[in-house]
Amino acid sequence: MHDFNYHKTSNIEEAVKVHMGAEDGTYMAGGQTLLPTLKQRLAAPTDIIDIAGVTELNTITVSDDVSLGSMATHASVANSSEVSSAIPALATLAAGIGDPQVRNRGTIGGSVANNDPAADYPAACLALNATITTNRRKIVADDFFTGMFETALEENELITSVSFPKPDKAAYMKFPNPASRYAIVGVFVALFGTDVRVAVTGAGDNGVFRPTEIENSLSSSFTASALDDTTISPDDLLSDIHAQSDYRASLIITMAKRAVAAAS
Amino acid sequence: MPDGVIGTGIGAVVKRVEDFRFLTGNGNYTDDINRPGQTYAYMLRSPHAHATINSIDTAVAEAAPGVVAVFTGDDMQVGGLPCGWQIHSEDGSPMHEPPHPSLAQGKVRHVGDQVAVVIAETLEQAKTAATLINIDYGILPAVMDMKAAEAGGTLVHEEIETNKCYDWGIGDKSAVDEALASSAHITEIDIVNNRLIPNAMEPRAAVAEFNKATSEYTVYTTSQNPHVIRLLMGAFVLSVPEHKLRIIAPDVGGGFGSKIFLYAEETIITWASTKVGRPIKWTAERSESFMTDAHGRDHVTHAKLGMDENGIFTALKVETYANMGAYLSTFATSVPTYLYATLLAGVYKTPVIYANVKAIFTNTVPVDAYRGAGRPEASYLLERIVDRAAREMGIEQVDIRQRNMISADAFPYQTPVALEYDSGDYQATLASAMKLAETSGFDLRKKESQARGKKRGIGYSTYIEACGIAPSAVAGALGARAGLYESAEVRVHPTGSVTVFTGSHSHGQGHETTFAQIVSEQLGIPIENIEINHGDTGNVQFGMGTYGSRSLAVGGEALLRATNKIIDKASKIAAHCLEAAVDDIEFKEGNFTVSGTDKSMAFGEVALTAYVPHNFPHDELEPGLDETAFYDPANFTFPGGCHICEVEIDPETGVTEVKNFTAVDDIGRVINPMIVEGQVHGGVAQGIGQALLEGCSYDSDGQLLTGSYMDYTMPRADNVPNFKVGTQSTLCTHNTLGVKGVGEVGAIGSPPAVINAIVDALSDMGVTDISMPATPSKVWQSIQSAKASS
């Protein structure tokens, strides 16, 4: 680990101010990606701005929509009865991230800001048409995820909450990498009235994406069998030692079917 | 439990006495040890698979904060790491043994090769300084493919002018060719035995200290065989005599073979401890374990099995390429030869067998023994080709095995590949496993799976292995540069408690319990009165350590013989005290009795008398009660058994679930049934790991693609079912205990059962083979290929 300055902050204003004054600062939420990266000396920020003490970011509010403070841990989302009854798929997704240690430290804000191409939350954000609120503005999910590990966030900008409209039906199906258990393919399907939104994580060579072929097929009938003749091109999908692109393409359809069948 | 057992003897389910300290965090592992004035070593490793080192500049690093010293290969001019087993090629020439330096000498040969060591006040300072070392590499093409490497081209070691270490053979080649030519049918198979990365829970570590006052080195290290390390490091590398080199392997958190070998790092810090005059600690990070612990398996094989019209085996011909990696690790050369090809008869009466093995150098981590070591490669090959032969001949899997098995009355049985099996009853273990696995209900279970859209298959493996390595005379004749006996000292204390010093080493096997049970049974004393001491060359007599499932069959037998000597001596003392002839003394349940009388002495009384010999006739009877035995076995032991696996495959995703796994093993006499069950569970989990999950992968440049748990899949609890485990034992005929060994049976017997089950599940789709690990992706691809070609 390289040396860095550590700042423990207690409110949003303070955190942003410290970040602005840092030469090459980075916010730390749950630290589940950042800390291993630091330990392997793969990152060398001059300043770490720890926002674990910013308690105003922990809140979970369920009303017309489900609003998760950016520091809400995966465990707190998974265990929230309010989230479970409002959007069960969201609680299920949170319960399936990493292991208990990761779920007790990792946060939605950290996950979304990092936009790991195999992370689960970006699929929920995109499929549920979430709005990401920062200290400066609101960004809709369609505009937020801009590529692998890339987002619309600007320098110093801090996510404060992510809000999800309640769908009529939704489900998330993950096919895990046997080794890391990150998603090789994760498919989130959501039905809002007659609108279908689908997002795929783990598979796209440019990060999370909406498969229009699947959305079109499901728009005519929100049933698994509606996807019987739907195919996905492997061209823009990842290929690695765990899964080649044609396998991922097949898994996307299979996981989408299973998600539709499970949607509630 | 046999008669006369006092509750902690042979056959008793005694809870593992070592578990209290392990489970409460009170173990004492190498990294737990800290010495006054200790410094920390960090190894700078090659990022390239193959490169010349044109120059190294350490000046800036040496001046960095906290740095005590920086050393490179130029500084460390000592002996190379030796190889312990010499193999001769078929043409009679000795194998090629290129130098194996601890710190690279002008060239690096695999990613992770040690280039320099930085020693500093803290580990962080050493790591930071290592980034300041400037190395000019001349990158060379990586030698990765064994068959291409055999043909020539780029050489891993220029000085030997070839990439082939040896070209070895066993068996009668012309007889095999003849028999194959006249066979009614020949089944052929191409087999890859996937390269595995060991992954002991505790990474390798060492702490080395040199005492100027006594000129004595003390090295704490994560070893399965500290005396072997002392001999190799002292005599071959550093020229330090044994009485000045003390190796201590304290609690060791798993080895699976990977901690048998002498490694560069422990050697480097021992050497450097004199240079810096302070203790040095080195502990591997997990990523270093991935790229420096000796890997396992990595065979590429083509085999032919001849049969007559009834499916009776007539001949087996095997051609294997075995990957040695970049250097010869300590026992690397013996694994694909004497621990592999000698097992190719399996449990079958195949009359003639020939195997050729080519050992090849590549720019990868050295390959050596890993749980099973050669025998899993043999059982996988045989049980896969037998499975395929049955399918090609239209014979049931059970039937083809029964037709060809060595019968129970044929022992001792001489195989055509050197070994003589002493005992076994393969039909009985097969029948017992089938009953436990409820194979008669399989068809119904298959239908039920079908109804859920799943493909179900069943796979058999009737395997044998050789343990208890080894008769020293046999091993020596085959090229071993060491004897393979084991030792035990039983030291009875004046009040009757006992300390045992064993040359075996326990790193998870539970020796402190099993060995104590033997002593408890023999001397009739409670297990609480017995301490098992191992791992410190400073207080244990020379021993060969633990590997190849040898601890009980060789070390346990040595212990038994030492306790017999104790009983003999104690009987003499009792005879003297009780004024009887020694032949009239009976020893039973801890009491020495003059037969036919009520005159007796308890074991503790005799022990006290031994150390308070007020009226001993010293010309006839020495004081003390302390005996040592060295035991060199007459033969290998031959555990075997039958593993039956049932899998269910999701054809849409390729996911394989192991639904049932049954193992019935013949391991000879069972000392502690609970420990046996645990050993089988662990071994089978590793075997399922090899079959479904684990596969070391390099790219064509020699970069390790599976360098962390993000990409290397270890078996986890949800990857394995609840095992059904049983024993169906015949006794070993050449050791008194009748034991055969259990440590490796799970890993040896299980992989072919899993793969055979997958092939069975998918056979109706046209799938005839699938390579390990059968990942979801691979299973799915196999289904697609079969669909495309049907």
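None of the values given here were measured: they were computed from a predicted structure. (Residues numbered from 1 in each chain as written. Chains lettered and ligands numbered in written order. Predicted model: local features only at pLDDT ≥ 70, side-chain atom pairs only at ≥ 80, totals over all residues. Heavy atoms only, no water.)

1. Quick notes on the environment of A51 of chain B
All names here are of chain B.
- Here A51 shows up in strand β2 (residues 51-57).
- Each C-alpha atom, one on A51 and one on I139, is 4.2 Å from the other, the two residues being 88 residues apart in sequence.
- Residues contacting A51, with those up to four places away along its chain left out, are K107, V108, Y137, G138, I139 and L140. (Helix = DSSP H or I, 4+ residues; strand = E, 2+ residues; numbered from the N terminus. Contact = heavy atoms within 4.5 Å.)

2. Overview of the interface of chain B and chain A
- If you look at the interface, chain B gives 23 residues, while chain A gives 20 residues.
- Regarding the contact of chain B and chain A, the summed buried area is about 1700 Å², with carbon and sulfur atoms giving 49% of it.
- Here R258 of chain A makes a salt bridge to E652 of chain B, at a shortest N to O gap of 2.7 Å.
- Linking chain B to chain A there are 14 residue pairs in polar contact (both at pLDDT 80 or more).
- Within the residue set of the side of chain B that touches chain A, elements represented by two or more residues are α3 (123-130) and α19 (776-789) of chain B.
- Counting residues per element, the side of chain B that touches chain A draws most heavily on α19 of chain B, which supplies four residues. (Buried area = accessible area lost by both parts, 1.4 Å probe. Salt bridge = Lys/Arg side-chain N within 4 Å of Asp/Glu carboxyl O. Polar contact = N/O pair within 3.5 Å; in protein donor to acceptor, adjacent residues only side chain to side chain.)

3. As for a nonpolar patch on the surface
Residue and element names in this part refer to chain B.
- Judged by side-chain polarity, L608, Y611 and V612 come together as a nonpolar surface patch covering roughly 230 Å² of accessible area.
- Tracing the chain through its elements places L608 in helix α16 (residues 603-611).
- The exposure class assigned to L608 is partly exposed, which follows from its relative accessible area of 42%. (Patch = residues over 30% accessible without salt bridge, like charges linked within 9 Å, V, L, I, M, F, W, Y side chains within 5 Å. Areas by Shrake-Rupley, 256 points an atom, 1.4 Å probe, with all protein chains shown as cover. Buried < 20%, exposed > 50% of the residue type's maximum accessible area, 1.4 Å probe, protein only.)

4. Regarding the packing of aromatic side chains
- Enumeration over the complete set of coordinates arrives at 21 aromatic pairs over all chains.
- Ring centres 5.7 Å apart and planes at 80 degrees place the aromatic pair F411 of chain B and Y426 of chain B in the edge-to-face group. Highlighted residues: F411 of chain B in the loop between α10 (397-404) and β16 (413-414) and Y426 of chain B in helix α11 (residues 426-436), separated in sequence by 15 residues.
- The class of Y426 of chain B is buried, set by a relative accessible area of 5%.
- A centroid spacing of 6.5 Å and a plane angle of 45 degrees characterise the contact between F587 of chain B and F603 of chain B, whose relative ring orientation is tilted. Pair noted here: F587 of chain B is in strand β22 (residues 585-588) and F603 of chain B is in helix α16, with a separation of 16 residues, a long-range link.
- The exposure class of F587 of chain B is partly exposed, given its relative accessible area of 22%.
- Of the residues examined, F603 of chain B reaches a relative accessible area of 3% and is grouped as buried.
- Among the aromatic side chains, those forming a connected cluster through ring pairs are F175 and Y247 of chain A together with W780 of chain B.
- Directly above the ring of Y263 of chain B sits R204 of chain B, whose terminal nitrogen or CZ lies 3.6 Å from the centroid. (Phe/Tyr/Trp six-rings, centres within 6.5 Å; stacked < 30°, edge-to-face > 60°. Lys NZ or Arg CZ within 6 Å of the ring centre and 35° of its normal.)

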